[in-house]
Amino acid sequence: MAGRAALALLCALAGAGALAAAARPLPGSELFARRDKGNCIACHQVAQGAGPATRSDLGPKLEGARMRAIGRERLRTLLTDPMANNPETLMPPFGRHRILDAAQIERVIDYLYALP
């Protein structure tokens, strides 16, 4: 009987750990939401639970599968200077204007790759 109680306790603790991990924000999400940095939520939406809820629709909805299909190099280019590919874009050149440094851009890319 003690073995079953210990097993039940282990299962409960494992489940609680999984819930806590699921509740943690994805790395890079803080830059995505900061007004003095990316402020990406001003224009983009992400899946429920993956970042702040917003009704923004100026930019496309950001989905992990699409971000991974675009690829890290292209995302890096888009974040550094989106005007290089599309001079008419409204998206700020985060890298060129030094809003985000190279390490921060990589964190945002990691976040975009981790989106559901």
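About the thresholds
Residues numbered from 1 in each chain as written. Predicted model: local features only at pLDDT ≥ 70, side-chain atom pairs only at ≥ 80, totals over all residues. Heavy atoms only, no water. Helix = DSSP H or I, 4+ residues; strand = E, 2+ residues; numbered from the N terminus. Areas by Shrake-Rupley, 256 points an atom, 1.4 Å probe, with all protein chains shown as cover. Core = buried A, V, L, I, M, F, W, Y, C linked by side-chain atoms within 4.5 Å. Buried < 20%, exposed > 50% of the residue type's maximum accessible area, 1.4 Å probe, protein only. Salt bridge = Lys/Arg side-chain N within 4 Å of Asp/Glu carboxyl O. 1 Å grid on protein atoms, 1.4 Å probe; cavity = no way out; pocket = protein on both sides within 12 Å on 5 of 7 lines; lining within 4 Å. Points joined across faces, edges and corners; volume = space filled by probe spheres on them. Nonpolar A, V, L, I, M, F, W, Y, C, P; charged D, E, K, R; others polar.

What follows is about the overall build of the chain. In terms of regular secondary structure, the chain is built from five helices and zero strands. Listing the helices and strands of the chain from first to last along the sequence gives α-α-α-α-α. Of the accessible surface of the chain, which amounts to about 7600 Å², a share of 60% is contributed by carbon and sulfur atoms.

Phe-32, Val-46, Leu-62, Leu-112 and Leu-115 are the most contacted members of the largest nonpolar core, which totals 18 residues. Counting residues per element, the ones that place at least two in this core are helix 2 (29-33), helix 4 (72-80) and helix 5 (102-114). No other element matches the five residues that helix 5 contributes to this core.

Evaluated as defined, the whole model comprises seven salt bridges. With a closest N to O distance of 3.4 Å, Glu-106 and Arg-72 form a salt bridge. In this pair, Glu-106 is assigned in helix 5 and Arg-72 in helix 4, connecting sequence segments 34 residues apart. Taking the shortest distance from any N to any O, the salt bridge between Arg-96 and Asp-81 comes out at 3.1 Å. In this pair, Arg-96 is assigned in the loop between helix 4 and helix 5 and Asp-81 in the loop between helix 4 and helix 5, connecting sequence segments 15 residues apart.

A volume near 520 Å³ is recorded for the largest pocket. Lining the largest pocket are 27 residues, and of these His-44, Gly-59, Pro-60, Thr-89 and Met-91 sit closest to its centre. Secondary-structure elements contributing two or more residues to the lining of the largest pocket are helix 3 (64-70), helix 4 and helix 5. Along the lines of polarity and charge, the residues of the lining of the largest pocket split into 19 nonpolar, seven polar and one charged.

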